[in-house]
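Coordinate inspection notes
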Amino acid sequence: MSLETLKEIERKLLPSNAELFDQQREVILNNNSLNIVAGPGSGKTTVLIAKCALLLKKNESGKKGICLITHTNVAVEEMKIGLERLGYKNIEFPNFIGTIQEFFNTFFVKKGLHLFIGNKSFRVLDKDDYQEKFVESFNLVKPDWYTRYPPNFSKSNTEFLFKDDNTFEIINDSISPRYISEFKQAVKQVFQSGILTNAQCLDVSQWYITKYKEKLKTALANRFDFILLDEAQDSNEMQYSLLKELFDNNVKFQRFGDPYQALYNIFNEDEDVWKPTEEISRVNRADISKSSRFGTSIANIVKNLSIEKYDTFESQKLVESFSPYFLVYKDEEGLLTAYRELIGELSNKEALFSQSTKKDAILAVTHNNLTNTFKSYIKPKSTIKNTGSPIQQSYKFLVDLLAKEFDMSFKETKKIIDENLEFKIKFSKIVTLLLSDELKDISVISTYISTVLRDITQADVQKIECGYLAQKIQVFKESIKVNKEQKEFKEKDFYIGTIHSTKGETHRSTLLILNYSFEKEGQSHQMMDLLRGYLTGKYVELNQIQDTFIQSSSAKALKLAYVALSRPTHLAAIAIPEEFIQDKAFLDELKEFGWKEYKCKEIASRVDS
């Protein structure tokens, strides 16, 4: 029954003449708790969608559901779209498909908060938005003598101590005793109004799970037949610990991901939380280690950049990738000219590469690395996410502004606007004003917005501070401008960004710039030096490196290079700053392992002339 159903799913989900390979089928049909290590391009998302469809089909007449937890809304949407293709459009109780934050908020935070703040609804805000609410509260209770800007909550090391009698204390040992009482009062007021950070949500979850653990484990086991955790390596320590506490030895719990791509702890000393190799005595491991993204030449580089030996990783040979290239550059012009020329030459040799519409990307570890390399590089503004058209960004900005001003959810606010033609017309006018380069007076927009907000909410217009709105609008307009400039810069030739920014993407070609150094207490180690053996086929187990700083830095360098060089379908390349080359033998070792050096013909001809 399961195998026949799976073949039907394959026909609907995969392109014609394509089929799942053995490793994928084995994971989909496995009905036990399992750690699934899925290498880059190995079809993890396809496997998850097929497995969900198979389980949903199996449970159609049963009382239990499936629980699929992932880490981003984009991933949730991708799963739902895939399941829709298979005929599952409205996936409701007893099933759950959502982000890890949604999972904890739905099952634990909502119920736990009820014991502290009663029937109030709650909202989860990011760091900047939470700070605004904290400032509002602090300004109401601060001492008369306090004239400085309110403390930064996210940097205050504030903790909540939740107690069994449903009371809580606020713990802080960094704020001055002169105003610690007022600080705690402000934090308490924000919490009691139902506004939390994601970290506070996890704290509430941990308290609630500890208090009612056995009842919750029973309830979850009665509701869910299967727990599927996607991108397990991106879970933080508390998230993963709570999931194991709830589901290990209780519900069939499968974790999917690639532990060699865990980037969340690159800039701190936290250990990876999902370690399939160490869990093997308790949870069996399965591998999906055949990649359809790239050919053997790239697979051989990628598997040698893993933090553990990854000899099983290989290409399915569906793509014919070029040999990897390295180039030594002196400056921005030399780097861009050489890479542009290399791509041009390879495009003339390979039609599939030339016809590909995927990105040509240049990646570095940090924005500072990129700024130091490219004079015109502009760090993207974090205030406004650079997604969608300027019109879409403006609409989302306005709805979000309205929601925050009147403590409504984004979804509720959007519904109010979308269902009223008059409001939609007014919002369209505001969007036009926001995007207009001619209108210089921000106060005109803020006054108009405040009037629209009053009409929509039937609130006193005096409640809405035009100065506050003007500040928000100014930041938004600057963000739109910077994002536009950044987009124009990227579209000249290449996508240029950090490794983090492209995690999960697929490129046509990727050039990794090896210009980052790991530094700590006077020690400094260049990423290029740490990767030297791994890039040239001389793999060293991390536990054999005696110096703890070099060991941890090497692990981080490997993860970054692994993520970057597993993005491309056809061309993986590295760029080495000329001043970093102390030992010419390194370049010879690269060549011996299969790397080709590219020397820019245009620059060489200029020198000759």
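For the structure itself, look to the data block above.
Model, not experiment: these values are computed from the prediction. (Residues numbered from 1 in each chain as written. Predicted model: local features only at pLDDT ≥ 70, side-chain atom pairs only at ≥ 80, totals over all residues. Heavy atoms only, no water.)

1. Quick look at the pattern of salt bridges
Using the criterion set out here, one finds 22 salt bridges in the structure. Linking Lys 44 and Asp 230 is a salt bridge whose minimum nitrogen-to-oxygen distance equals 2.6 Å. Of this pair, Lys 44 sits in helix α3 (residues 44-58) while Asp 230 is found in the loop between β8 (224-229) and α10 (237-247), placing the two residues 186 residues apart along the sequence. Neither Lys 44 nor Asp 230 differs from the other in exposure class; each is buried. Sharing partners across several salt bridges, the network here consists of Glu 10, Glu 19, Asp 22 and Arg 25. (Salt bridge = Lys/Arg side-chain N within 4 Å of Asp/Glu carboxyl O. Helix = DSSP H or I, 4+ residues; strand = E, 2+ residues; numbered from the N terminus. Buried < 20%, exposed > 50% of the residue type's maximum accessible area, 1.4 Å probe, protein only.)

2. A few points about helix α1 (residues 2-13)
With twelve residues, α1 extends 16 Å between its outermost C-alpha atoms, agreeing within 8% with the 16 Å of an ideal straight helix rising 1.5 Å per residue. Along α1, the residues that are buried comprise Thr 5, Leu 6, Ile 9, Glu 10 and Leu 13. Along the axis of α1, the buried residues cluster in a sector spanning 145°; they form a single face. In α1, the exposed positions angled more than 90 degrees off the buried face are occupied by Glu 4 and Arg 11. Elements that come into contact with the buried residues of α1 comprise α2 (22-29), α3 and α4 (73-85). (Expected span 1.5 Å × (residues − 1). Arc of directions from axis to C-beta. Contact = heavy atoms within 4.5 Å.)

3. Details of the environment of Ser 241
As for its position among the elements, Ser 241 is in helix α10. Relative accessible area serves as the criterion here: at 36%, Ser 241 is assigned to the partly exposed category. A C-alpha to C-alpha distance of 9.6 Å links Ser 241 and Gln 206, two positions 35 residues apart in sequence.

4. So, the sheet that holds strand β15 (residues 495-498)
Here we have six strands laid out as an open sheet, ordered β15-β14-β16-β19-β13-β20, and parallel in their pairing. The open sheet is flanked by β15 and β20 (596-597), the only strands paired with a single partner. Across the sheet, helix α21 (residues 548-565) is in contact with β14 (359-364), β16 (507-513) and β19 (568-577); its angle to β19 comes to roughly 135°. (Pairing = 2+ DSSP bridges. Axes fitted to C-alpha atoms, helices over the stretch in contact; angles between N-to-C directions.)

5. Side note on the packing of helix α20 (residues 527-535) against α21
Running from N to C, α20 and α21 point in directions that differ by 75°, and their axes come no closer than 9 Å. In terms of orientation, α20 lies roughly perpendicular with respect to α21. Side by side, α20 and α21 meet where Met 527, Leu 530, Leu 531 and Tyr 534 of the first sit next to Ile 550, Ser 553, Ser 554, Ala 557, Leu 558, Leu 560 and Ala 561 of the second. Grouping the constituent residues of the contact of α20 with α21 by class yields nine nonpolar, two polar and no charged. (Parallel < 35°, antiparallel > 145°, perpendicular 65-115°, else oblique. Nonpolar A, V, L, I, M, F, W, Y, C, P; charged D, E, K, R; others polar.)

6. Here we look at helix α9 (residues 213-223)
Think of an α-helix as turning once every 3.6 residues; residues three or four places apart then point the same way. All of the buried residues in α9 are Leu 216, Lys 217, Leu 220, Ala 221 and Arg 223. Down the axis of α9, the smallest arc covering the buried residues is 165°, so these residues share one side. Turned more than 90 degrees from where α9 packs its buried face, Glu 214, Lys 215 and Asn 222 sit exposed.

7. Brief notes about the packing of α2 against α3
Each pair of packed helices can be summarised by the angle the axes make with each other and by the distance between the axes. Remark: α2 packs on α3, axes separated minimally by 9 Å, with the N-to-C direction vectors making an angle of 35°. Along this stretch, α2 crosses α3, giving a crossing that reads as right-handed. Of the residues in α3, those touching α2 at Gln 24, Val 27, Ile 28 and Leu 29 are Val 47, Ala 50, Lys 51 and Leu 54. Class assignment for the residues of the contact of α2 with α3 results in six nonpolar, one polar and one charged. (Left-handed = near helix turned anticlockwise from the far one by under 90°.)

8. A look at the packing of aromatic side chains
Tallied over the entire structure, the rule returns 41 aromatic pairs. Seen in terms of ring centroids, Phe 104 and Phe 108 are 5.9 Å apart; in terms of plane orientation they differ by 45°. Their pairing is tilted. A residue pair is termed a helical-turn pair when its members lie 3 or 4 positions apart in one helix, as Phe 104 and Phe 108 do in helix α5 (residues 100-117) at four residues. In terms of burial, Phe 104 and Phe 108 fall into one category: buried. Ring centres 6.3 Å apart and planes at 50° place the aromatic pair Phe 107 and Phe 108 in the tilted group. (Phe/Tyr/Trp six-rings, centres within 6.5 Å; stacked < 30°, edge-to-face > 60°.)

9. Some remarks on unusual backbone geometry
Of note, the bond from Phe 93 into Pro 94 is cis; its omega dihedral lies within 30 degrees of zero at 10°. On the secondary structure map, Pro 94 appears in the loop between α4 and β3 (96-99). Even without being a glycine, Asn 249 presents a positive backbone phi close to 60°. With respect to the helices and strands, Asn 249 occurs in the loop between α10 and β9 (252-257). Overall, Asn 249 belongs to the exposed group, its relative accessible area being 85%. Positive phi outside glycine occurs at Lys 317, with the angle close to 65°. Locating Lys 317 in the fold gives a position in the loop between β12 (314-315) and β13 (325-329). You can call Lys 317 exposed: its relative accessible area is 65%.

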